[in-house]
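The residues making up each chain are set out below.
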Amino acid sequence: MEEKNMNKQRKQKGLTLVYTGDGKGKTTSALGLTVRAVGRGMKVKILQFIKSPERTYGEQIALEKLGVEVKQLGIGFTWTKTPEEHREALKSAWPQAKEAVMGGEYDVVILDELNNALAIETFPIDDVLPLDEVVDLIENKPDHVHLVITGRSAHSKVKSAADLVSVIGAEKHYYDEGIPAVKGIEF
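All of the points below concern the structure found in this document. Quick caveat: nothing in here was measured; it's all calculated off a predicted structure.

**Digging into the packing of aromatic side chains**
To describe a pair of aromatic rings, one takes the distance between the centres and the angle between the planes. Enumeration over the complete set of coordinates arrives at one aromatic pair. On the basis of an interplanar angle of 90 degrees and a centroid distance of 5.5 Å, the ring pair of Tyr174 and Tyr175 is categorised as edge-to-face. Arg55 extends its terminal NZ or CZ atom over the ring of Phe187, reaching a point 5.4 Å from the ring centre.

**Overview of the environment of Ala181**
Tracing the chain through its elements places Ala181 in the segment after β6 (164-167). A relative accessible area of 39% means that Ala181 is categorised as partly exposed. Counting along the chain gives 78 residues from Ala181 to Gly103, while the straight-line C-alpha distance between them is 35 Å. If we skip the residues at most four places from it in the chain, Ala181 touches Tyr175, Glu186 and Phe187.

**Remarks on the sheet that holds β6**
Here we have six strands laid out as an open sheet, ordered β3-β2-β4-β5-β1-β6, and parallel in their pairing. With one partner strand each, in any of the chains shown, β3 (69-72) and β6 form the two edges of the open sheet. For this sheet the average axis-to-axis angle between neighbouring strands, irrespective of direction, equals 15 degrees. When strand β1 (residues 16-20) meets strand β5 (residues 146-150), the two strands line up parallel, connected through four bridges.

**Here's the deal with the pairing of β5**
For β5, the buried fraction is high: five of the five residues fall into the buried class. Here β5 shows no split at all, with His146, Val148 and Thr150 on one side and Leu147 and Ile149 on the other all buried.

**Side note on the side chain of Lys51**
Position of Lys51 relative to the elements: it lies in the loop between β2 (44-48) and α3 (58-65). A relative accessible area of 13% means that Lys51 is categorised as buried. Among the polar contacts listed, one links the side chain of Lys51 to the side chain of Glu59, at a separation of 2.7 Å. Filtering out sequence-adjacent residues up to four positions away, Lys51 remains in contact with Tyr57, Glu59, Gln72, Leu73, Gly74, Ile75, Gly76, Asp112 and Glu113.

**Let's talk about the nonpolar core**
With 34 residues, the main nonpolar core has Phe49, Leu111 and Leu129 as its most contacted residues. For this core, the elements supplying multiple residues, two or more each, are α4 (83-102), β4 (108-112), α5 (114-118), α6 (131-140), β5 and α7 (156-161). At six residues, the largest contribution of residues to this core is made by α4. When neighbours within four sequence positions are excluded, Leu111 is seen to be in contact with Leu47, Phe49, Ala97, Leu137, Leu147, Val148, Ile149 and Thr150. In terms of nonpolar packing, the next biggest core, distinct from the first, is built from 14 residues, Ala37, Ile46, Val108 and Val148 among them.

**Structural notes on a nonpolar patch on the surface**
A cluster of nonpolar side chains, namely Ile179, Val182 and Ile185, defines an oily patch on the protein surface of about 230 Å² accessible area. Relative to the helices and strands, Ile179 resides in the segment after β6. On the basis of relative accessible area, Ile179 is assigned to the partly exposed category, the value being 40%.

Conventions we followed
Residues numbered from 1 in each chain as written. Predicted model: local features only at pLDDT ≥ 70, side-chain atom pairs only at ≥ 80, totals over all residues. Heavy atoms only, no water. Phe/Tyr/Trp six-rings, centres within 6.5 Å; stacked < 30°, edge-to-face > 60°. Lys NZ or Arg CZ within 6 Å of the ring centre and 35° of its normal. Helix = DSSP H or I, 4+ residues; strand = E, 2+ residues; numbered from the N terminus. Buried < 20%, exposed > 50% of the residue type's maximum accessible area, 1.4 Å probe, protein only. Contact = heavy atoms within 4.5 Å. Pairing = 2+ DSSP bridges. Axes fitted to C-alpha atoms, helices over the stretch in contact; angles between N-to-C directions. Polar contact = N/O pair within 3.5 Å; in protein donor to acceptor, adjacent residues only side chain to side chain. Core = buried A, V, L, I, M, F, W, Y, C linked by side-chain atoms within 4.5 Å. Patch = residues over 30% accessible without salt bridge, like charges linked within 9 Å, V, L, I, M, F, W, Y side chains within 5 Å. Areas by Shrake-Rupley, 256 points an atom, 1.4 Å probe, with all protein chains shown as cover. Salt bridge = Lys/Arg side-chain N within 4 Å of Asp/Glu carboxyl O.

Now the structure itself:
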């Protein structure tokens, strides 16, 4: 019965969902979707473009217990390392992302904070993370793969190619009151 359900799921058209905006909750939305997909027997992979493997994240700890591979491909905030270090991380991350999506092994692939990476303006990135290749990936991914892209400042071409765009707005945030990132809430 489980195999029959998986075959049925693979026949459905995979969607591209974009969670963007200045409000908190983009990654959290993708993680909720992950839990739902795993509950339905789907295989999920999460690639995080900005977060560094040198830190631990609550979502990684929990999701690995559910059999979800979560991999940090970045080196942290753009102001913590040199532009060349970030460029090298993105240069390495992009082929891994393409393989995860195009390989067809996963039913859901989440490219967390890809929008943030694409929006970097402080140093050139198009030669290591080409926007046209991202759009091509969205348009030509395997039919059964659901692709989720998160992060602020989603490019208009990414939004146009997506099946769903949710813009999460910020009305009030505790950061504005000087409260720093909270363990279990942000990481």
